[in-house]
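Coordinate inspection notes
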Amino acid sequence: METFTEPMEFVEDPLYGARRAEALAGLDPRSLDPPMRGIVEGFAGIPHCFTLQSCCGHFVFPGNMDPCNLNPLPPGDCGAIRYRIAYIAFCIENSPEGRSLRDSLERVPAAAPEYIQFCSVDWFRCEYPNNYALQVEPYRMRFQDEATLEHAEALRVQRSRDVFLKKLEEVLRRQRTR
């Protein structure tokens, strides 16, 4: 599953309200990775967006082969690490508030441009035309949803993922005070 597509331009979406209501009705915070729960629930309270999917990113390595591992990487080299990307995908309303949110999300990659990308998700386009995502992946691997990394690079990705989560919380705080 590829997530990365260049960000799309806003289009009119007369079904935005119905799509949002349906997505929120199906939202089960218990099904989310714990680091993403508060973020997704917070964005659910903002009327000009809703989340489509999210993942906090998982590192699978010798000694911890759980594909849903949430533990930090060990400090010492543990061999090749399989990384399943951290991302959050939104549907954003084509409104002044929605455009402002999109602009805020688009600035998040500046915190770690070699590892965080702002994009759209092509396979969401038909059902959710104004979809935007942030993902954490080495730039050269931005078209993949999973990567095999050496330990040193995996540590950099992990730090970037942590920055990504903090930046999402900052965007959420600013949106709530509007």
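Since the model is a prediction, treat every value here as computed from it, not as a measurement.

Moving on, we get to the layout of surface pockets. Of the volumes computed, that of the largest pocket is approximately 380 Å³. As for the largest pocket, its lining consists of 23 residues, and the residues nearest its centre are Leu27, Leu32, Leu52, Gln53 and Ser54. Examining the composition of the lining of the largest pocket, we find that 7 residues originate from one element, strand E1 (residues 49-60), more than from any other.

In this structure the tally under the stated criterion is 8 salt bridges. Its salt-bridge partner being aspartate 28, residue arginine 30 comes within 3.0 Å of it at the nearest N-O pair. For aspartate 28, a relative accessible area of 27% translates into the label partly exposed. As a salt-bridge pair, glutamate 153 and arginine 140 come within 2.8 Å of each other at their nearest N and O atoms. Here the residue glutamate 153 occupies a position in helix H4 (residues 151-176), and arginine 140 occupies one in the loop between strand E4 (131-136) and strand E5 (146-149), the gap between them amounting to 13 residues. Using a relative accessible area of 11% as the deciding quantity, one classes glutamate 153 as buried.

How each quantity is defined
The numbers attached to residues start from 1 for each chain and follow its sequence in the written order. Selection of residues for local features in this predicted model requires a pLDDT of at least 70, selection of side-chain atom pairs for listing and counting requires 80 or more, and totals for whole chains, interfaces and linings are taken over all residues. With hydrogens and water excluded, all non-hydrogen atoms of the structure serve as input to the side-chain values. Here the term cavity refers to a set of points on a 1 Å grid, laid over the protein atoms alone, in which a 1.4 Å probe fits but cannot get out; the term pocket refers to an open set having protein on both sides within 12 Å along at least five of seven lines, with lining residues being those that place an atom within 4 Å of a point. Grid points are joined across faces, edges and corners, and a volume is the space filled by probe spheres set on the points. Only runs of H or I of at least four residues qualify as helices and only runs of E of at least two qualify as strands under DSSP, and these elements are numbered from the N terminus. A side-chain nitrogen of Lys or Arg and a carboxyl oxygen of Asp or Glu constitute a salt bridge if their distance falls within 4 Å. Here the term buried applies to any residue with accessible area under 20% of the maximum for its type, exposed to any over 50%, and partly exposed to those in between, with areas from a 1.4 Å probe on protein chains only.

That is the geometry; function is a separate question.
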